[in-house]
Amino acid sequence: MIVILRPDTDENSTAFKKTWDYLEDLKNIRLQKHIVEGKFQKLTEIYLFGDTATLNKEAIEALPAVERVVRVSQEYRILGRHKDRMRATGFDYNGVRFDQDNLNIFAGLCAVDTREHVELMMKALKENGQVCTRMGAYKPRTNPYSFQGHGKECLPYVFELAGKYGIKIIAMEILHEDHIDEINEALDLTGRPTGVMLQVGTRNTQNFELLKSIGRQNEFPILLKRGFGITLNESLNAAEYLASEGNAKVVFCLRGMKTSFSEPHRNMVDFSLVPAIKRLTRMPVCIDPSHSVGSRETSPDGIPDIFHATAQGIISGANMVLVDFHPDPIKALVDGPQALLLKELPKFLEDINIAREAYEKRKNLFKPSKTVK
Ligand code: PEP
Ligand code: MN
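Within each chain, residue numbers correspond to sequence positions counted from 1 in written order. Ligands are numbered from 1 and chains lettered from A, in the order in which they are written. Restriction of local features to residues with pLDDT of at least 70 applies here, the model being predicted, together with a cutoff of 80 or more for giving and counting side-chain atom pairs; totals for whole chains, interfaces and linings are based on all residues. Note that the side-chain values use all heavy atoms of the structure and ignore hydrogens as well as water.

So, on to the nonpolar core. Grouped together as the largest cluster of nonpolar side chains are 90 residues, with contacts concentrated most on Phe-98, Met-122, Met-135, Val-158, Phe-159, Met-172 and Ile-183. Definition used in this section: a nonpolar core is a set of buried Ala, Val, Leu, Ile, Met, Phe, Trp, Tyr and Cys residues joined via side-chain atoms within 4.5 Å. Burial status follows relative accessibility: with a 1.4 Å probe on protein chains alone, a residue under 20% of its type maximum counts as buried, one over 50% as exposed, and anything between as partly exposed. Formed by 16 residues, the second largest nonpolar core is a distinct cluster that contains Met-1, Leu-5, Ile-29 and Leu-55.

A word on the sheet that holds strand E12 (residues 250-254). Each strand in a sheet pairs with another by means of backbone hydrogen bonds, the pair being arranged parallel or else antiparallel. Any two strands with at least two DSSP-identified bridges between them are counted as paired. The way it works is that DSSP assigns letters per residue, a run of H or I at least four long becomes a helix, a run of E at least two long becomes a strand, and they are numbered from the N terminus. On the basis of which strands lie adjacent, the open sheet formed by eight strands has the order E7-E14-E13-E12-E11-E10-E9-E8 and parallel pairing. Strands at the two margins of the open sheet, each flanked by one partner only, are strand E7 (104-108) and strand E8 (132-134). Between one strand axis and the next, the sheet turns through 25° on average, direction left out of account. Two elements, E8 and strand E9 (residues 169-173), share three bridges in a ladder whose sense is parallel. Following the sheet pairing, Cys-132 is matched in E9 by Ile-169. Only the contacting stretch of a helix is used when fitting its axis, a line to C-alpha atoms as for every element, and angles between N-to-C directions run 0 to 180 degrees.

Time to look at the pairing of strand E14 (residues 320-324). Counting buried residues in E14 gives five out of five residues, a clear majority hidden from the surface. The two faces of E14 match: Met-320, Leu-322 and Asp-324 on one face and Val-321 and Val-323 on the other face are all buried. Sheet topology note: the E7/E14 ladder contains five bridges and is parallel. Counterpart to Gly-108 in the pairing with E14 is Asp-324. Here strand E13 (residues 285-287) runs beside E14; their pairing, made up of two bridges, is parallel.

Secondary-structure assignment places His-34 in strand E2 (residues 29-37). Polar contacts involving the side chain of His-34 include one to the side chain of Gln-32, which spans 3.0 Å. For this analysis, a polar contact is any N or O atom pair within 3.5 Å, provided that within protein one partner can donate a hydrogen and the other can accept it, and provided that sequence-adjacent residues contribute only side-chain to side-chain pairs.

Glancing now at the domain arrangement of the chain. Each assigned domain of the chain is listed here: domain 1 (2-73) and domain 2 (93-365). When each unit is reduced to the centre of its C-alpha atoms, the spacing between domain 1 and domain 2 is 35 Å. Contacts were defined at the residue level, with two residues in contact if any of their heavy atoms lie within 4.5 Å. The partner domain 2 presents six residues to the eight residues of domain 1 that form the contact. Accessible surface is computed with a 1.4 Å probe, and the buried area is the amount of it that two parts give up when combined, taken over both parts together. When the two sides are added together, the surface that domain 1 and domain 2 hide from each other amounts to roughly 410 Å², 35% of it contributed by carbon and sulfur. As annotated, the domain borders come from an automatic or database domain assignment.

Donor criterion used throughout: N, O or S atom within 2.8 Å of the metal, extended to 3.2 Å for Na, K and Ca. Water excluded; incomplete-looking sites may result. Here the manganese ion (ligand 2) is held by the protein donor atoms Cys-110 (SG), His-291 (NE2) and Asp-335 (OD), which lie 2.0 to 2.3 Å from it. Counting residues between consecutive donors of the manganese ion (ligand 2) along the chain gives the motif C-x180-H-x43-D. Of the two residues, Cys-110 sits in the loop between E7 and helix H3 (115-127) while His-291 sits in helix H9 (residues 289-293), which places them 181 residues apart along the sequence. For the pair formed by Cys-110 and His-291, the shared burial category is buried.

On to the packing of helix H4 (residues 155-164) against helix H5 (residues 178-189), then. Running from amino to carboxyl end, H4 crosses H5 at an angle of 55°, the nearest separation of the two axes being 9 Å. Taken together, the axes of H4 and H5 lie oblique to each other. The crossing of H4 and H5 is right-handed. Facing Leu-155, Pro-156 and Phe-159 of H4, the residues of H5 in contact are Glu-182, Ile-183, Ala-186, Leu-187 and Leu-189. Classifying every residue of the contact of H4 with H5 by side-chain character gives seven nonpolar, no polar and one charged. An angle below 35 degrees is read as roughly parallel, one above 145 as roughly antiparallel, one from 65 to 115 as roughly perpendicular, and any other as oblique. Put simply, a crossing is left-handed when the front helix is turned counterclockwise from the back one by less than a right angle, and right-handed when it is turned clockwise. Three classes are used: nonpolar for Ala, Val, Leu, Ile, Met, Phe, Trp, Tyr, Cys and Pro, charged for Asp, Glu, Lys and Arg, and polar for all others, with Gly counted as polar.

Below, the discussion takes up the pattern of salt bridges. We define a salt bridge as a contact between a side-chain nitrogen of Lys or Arg and a carboxyl oxygen of Asp or Glu at a distance within 4 Å. Under the defined criterion, the tally for this structure stands at 21 salt bridges. Two residues, Lys-57 and Glu-61, come together in a salt bridge whose shortest N-O distance is 3.8 Å. Placement of both Lys-57 and Glu-61 in helix H2 (residues 57-61) is noted, with a separation of four residues, approximately one turn of the helix. By relative accessible area, Lys-57 is classed as partly exposed at 26%.

Taken together, four strands build an open sheet; the order of strands is E2-E3-E1-E4 and the sheet is antiparallel. Each edge of the open sheet is held by one strand with a lone partner, namely E2 and strand E4 (66-70). Each adjacent strand pair in this sheet contributes to an overall mean axis angle of 20°, direction not counted. Summarising the sheet, strand E1 (residues 2-5) and E4 pair through four bridges and their orientation is antiparallel. Its bridge partner lying in E4, Val-3 is registered against Val-69. Packing against the sheet, helix H1 (residues 14-24) makes contact with E1, E2, strand E3 (42-50) and E4, and its axis sits at approximately 145° to E2.

One heavy atom within 4 Å of a molecule or strand makes the whole residue count as near it. Cys-110, Arg-134, Lys-139, Glu-173, Gln-199, Gly-201, Thr-202, Arg-203, Lys-225, Arg-255 and His-291 make up every residue found near ligand 1. Between ligand 1 and the protein, one listed contact pairs an oxygen atom with a backbone N or O atom of Thr-202 at 2.8 Å. Within the side chain of His-291, an N or O atom sits 3.4 Å from an oxygen atom of ligand 1. Looking at side-chain class alone, the shell around ligand 1 contains one nonpolar, four polar and six charged residues.

Shown next as structure tokens:
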């Protein structure tokens, strides 16, 4: 059961104290408080765990600080929507808003290789008005002899260049909880010029101990990729692991499913699930067209498959795009064949605008019409 308090309830107010004392006295019930930072207001939600079936919803709704009470299903307790369309979504991080209504683009390098390439990438982003990027320092590779990423060695120059080019957030995959400390050390060393979104890759979606340790920190938001060979429900439960440890600033990313039926694409594009995830949970939904499609092939209409897949996600309401670019894909150490060229960035962004406008128009078409008196 979730008890949603009136917006901006002050924890020192008598109304809050009366409400909290009543809930605390309930037998066999454990309380957990969560603050949801909305666009215009702060919402406090109190989660009731334990023997909630017998609780009197009306009595709780009558408490002075309570706005409403939502009975939750067992799954995705914190991140779930529980059939309540009104529940607040999203969070702010380093001046950037993430929710189910807006859109952020994270174009960048799959793997950091040279300082020069990082700088060319970030310069292009700045020239195109972008404030977010992706930069892989720790790479999970199929072959143990393949390049594993430059790790902590590259972090200082990546962060310093991010500051130089006004990048506010870098999505960066981590493979071990120690990487959080390494990122923090490098941020301290460089004067914290940028923010980091911790990415959990598809190979680690069900690495529960890693999820728990990432969920225990509250500084960095998290980008959780869907597991490439598990059900959606299993991946959404993985997201709930993060929230259950205290960090609900989670963006959920679709990146395609592993199956040979998707050939010639690298993975089966699963972006039709964007609206379903928004209905089931409160997480903003990201799409990764690069790892889904996996190549720079272009269809006879002149549009590259990666652009098509991106538009398919955007027109369904995706809230974030994670996409590989590289100044010189032939020299890229990881995933060169799927990297877009820097000169394609303006068209990529323009194409996204077209699809986003179409999505907005579609949303208006389905808006409930106002009743005329
Ligand atoms: C990546 O984004 O670089 C990556 C390794 O993706 P995934 O975990 O989806 O394979
Ligand atoms: Mn990659």
